[in-house]
Every structure is written in C-alpha cells, then in structure tokens.
Amino acid sequence: MMKVSDFIFKFKPNDYSHEYSICRVRIFLHEGIQFSLLTDLDDQSPTSVTNSVEYIRKQLIDEGFIDNDTIIIEHYEEGFSGYGSFDIVTFGHNNSPNWVKTTLKKTQIMLGCSHEELLDSTLKNKRLLKK
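Structural notes, computed from the coordinates. The model shown is predicted, which means the values in this text are computed figures rather than measured ones. (Residues numbered from 1 in each chain as written. Predicted model: local features only at pLDDT ≥ 70, side-chain atom pairs only at ≥ 80, totals over all residues. Heavy atoms only, no water.)

## Thoughts on the environment of K105
Next up, step 1: By secondary structure assignment, the location of K105 is in helix α2 (residues 104-111).
Next up, step 2: Separated by 13 residues in sequence, K105 and L118 place their C-alpha atoms 9.7 Å apart. (Helix = DSSP H or I, 4+ residues; strand = E, 2+ residues; numbered from the N terminus.)

## Describing the environment of Q59
Next up, step 1: Secondary-structure assignment places Q59 in helix α1 (residues 49-62).
Next up, step 2: Along the sequence, Q59 and I8 sit 51 residues apart, while their C-alpha atoms lie 13 Å from each other.
Next up, step 3: Q59 has contacts with F9, K10, F11 and K12, leaving out every residue within four places of it along the chain. (Contact = heavy atoms within 4.5 Å.)

## With respect to the nonpolar core
Next up, step 1: Grouped together as the largest cluster of nonpolar side chains are 14 residues, with contacts concentrated most on F9, C23, V25, L38, I56 and L60.
Next up, step 2: Among the elements of the structure, β1 (2-11), β2 (21-30) and α1 are those that each provide at least two residues to this core.
Next up, step 3: Beyond its immediate chain neighbours, meaning those up to four positions away, L60 contacts F7, F9, V25, S36, L38, F65 and I66.
Next up, step 4: Residues F35, L37, M110 and C113 belong to the second largest nonpolar core, which totals ten residues. (Core = buried A, V, L, I, M, F, W, Y, C linked by side-chain atoms within 4.5 Å. Buried < 20%, exposed > 50% of the residue type's maximum accessible area, 1.4 Å probe, protein only.)

## Structural notes on a nonpolar patch on the surface
Next up, step 1: Together, M2, V4 and L29 make up a nonpolar patch on the protein surface, roughly 260 Å² of accessible area in all.
Next up, step 2: Note on placement: M2 falls in strand β1.
Next up, step 3: You can call M2 partly exposed: its relative accessible area is 48%. (Patch = residues over 30% accessible without salt bridge, like charges linked within 9 Å, V, L, I, M, F, W, Y side chains within 5 Å. Areas by Shrake-Rupley, 256 points an atom, 1.4 Å probe, with all protein chains shown as cover. Salt bridge = Lys/Arg side-chain N within 4 Å of Asp/Glu carboxyl O.)

## Observations concerning the pattern of salt bridges
Next up, step 1: Overall, the coordinates contain eight salt bridges when judged by the stated rule.
Next up, step 2: The closest approach of N and O atoms between R127 and D6, which form a salt bridge, is 3.4 Å. Taken together, the residues span a long stretch of sequence, with R127 in helix α4 (residues 126-129) and D6 in strand β1 at a distance of 121 residues.
Next up, step 3: The exposure class of R127 is partly exposed, given its relative accessible area of 39%.
Next up, step 4: With a relative accessible area of 10%, D6 lands in the buried category.
Next up, step 5: What you see here is one network of salt bridges that share partners, running through K3, D6, R24, R26, E117, D120 and R127.

## As for the packing of aromatic side chains
Next up, step 1: Under the defined criterion, the tally for this structure stands at three aromatic pairs.
Next up, step 2: For the pair F7 and F9, a centre-to-centre distance of 6.3 Å together with 80° between the ring planes defines the contact as edge-to-face. Like F9, F7 is buried.
Next up, step 3: An aromatic cluster is present here, built from F7, F9 and F65 joined pairwise through their rings.
Next up, step 4: Between K10 and the ring centre of Y20, over which it is positioned, the NZ or CZ distance is 4.8 Å.
Next up, step 5: Directly above the aromatic system of F91 lies the positively charged group of R57, at a separation of 4.5 Å from the ring centroid. (Phe/Tyr/Trp six-rings, centres within 6.5 Å; stacked < 30°, edge-to-face > 60°. Lys NZ or Arg CZ within 6 Å of the ring centre and 35° of its normal.)

## Notes on the side chain of D40
Next up, step 1: With respect to the helices, strands and loops of the structure, D40 is situated in strand β3 (residues 33-40).
Next up, step 2: Comment: no salt bridge for buried D40; closest opposite-charge side chain is R26, at 12 Å.
Next up, step 3: A distance of 2.8 Å separates the side chain of D40 from the backbone nitrogen of D42, its partner in a polar contact.
Next up, step 4: For D40, the side chain forms a polar contact with the main-chain nitrogen of V49, separated by 2.8 Å.
Next up, step 5: Contacts of D40, omitting those with residues within four sequence positions, involve T47, S48, V49, H75 and Y76. (Lys, Arg positive; Asp, Glu negative; His and termini not counted. Polar contact = N/O pair within 3.5 Å; in protein donor to acceptor, adjacent residues only side chain to side chain.)

Here it is, written out as structure tokens:
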C-alpha cells in the first residue's frame, strides 16, 4: 500500500452553488489501482459527501488529483458501528452515482492499509486541522 495524499479538499457541491464545502480526501495506490477515500466532515461542511460525490469526483479529476479510473470510496466516520461506514461508489450514465456498502475489513484489504489508517479521525488529526 502506498498512501499518496491525505488532505482537506474544498469543492463546489453542485454546478449552481456559490459557496464551498469541504471533505477529507485520501488517495491510495494498491496493486496498481488508484483509490480515493472521501470522508464526510459532518457539521464542518454545509453539504454532505453523499449529496455531492459526483461533483467532488469531477473536481478531483479536473484538478489532476485522480483520473477517471480511480475507485471512489465514500466514508463516514464513527456512527453506530463505532468505526463508521464505507461505500464503493460507481458512476453510470451522466455521471450518476451508485453506492454499494462494504465493510471496514474489506476496505482495509482493498486499500492495503492498516486498521488504524481507516480509524484516523479527521477532526482529531492536528496536521489536517491546521489547514
């Protein structure tokens, strides 16, 4: 596993919005496949990752962070499970998203990363909060 990037990304939640939202983006390269883990920042952002995932993906592509083949994983921290939720997001006709739920363990295997990496809370990560 190689984590390529880990940053807070400012994005426009749709084509008509005049305000920006933020999410955490972690980019991994594992076995020749690029993955992007998009973490929702809950109350820190006016728009959820779920409601903007296709716009986030397009802006990440347009800004050169990822390519069209990057596998997108939507992530919500904590929640009822204690470790959050993970969904693989695929994009169909007109860039419309489709979500397939996955587990922490399957995400860990897919990304080739440690359990701790996926449990690293954004709002407790001092490096990320400085930005």
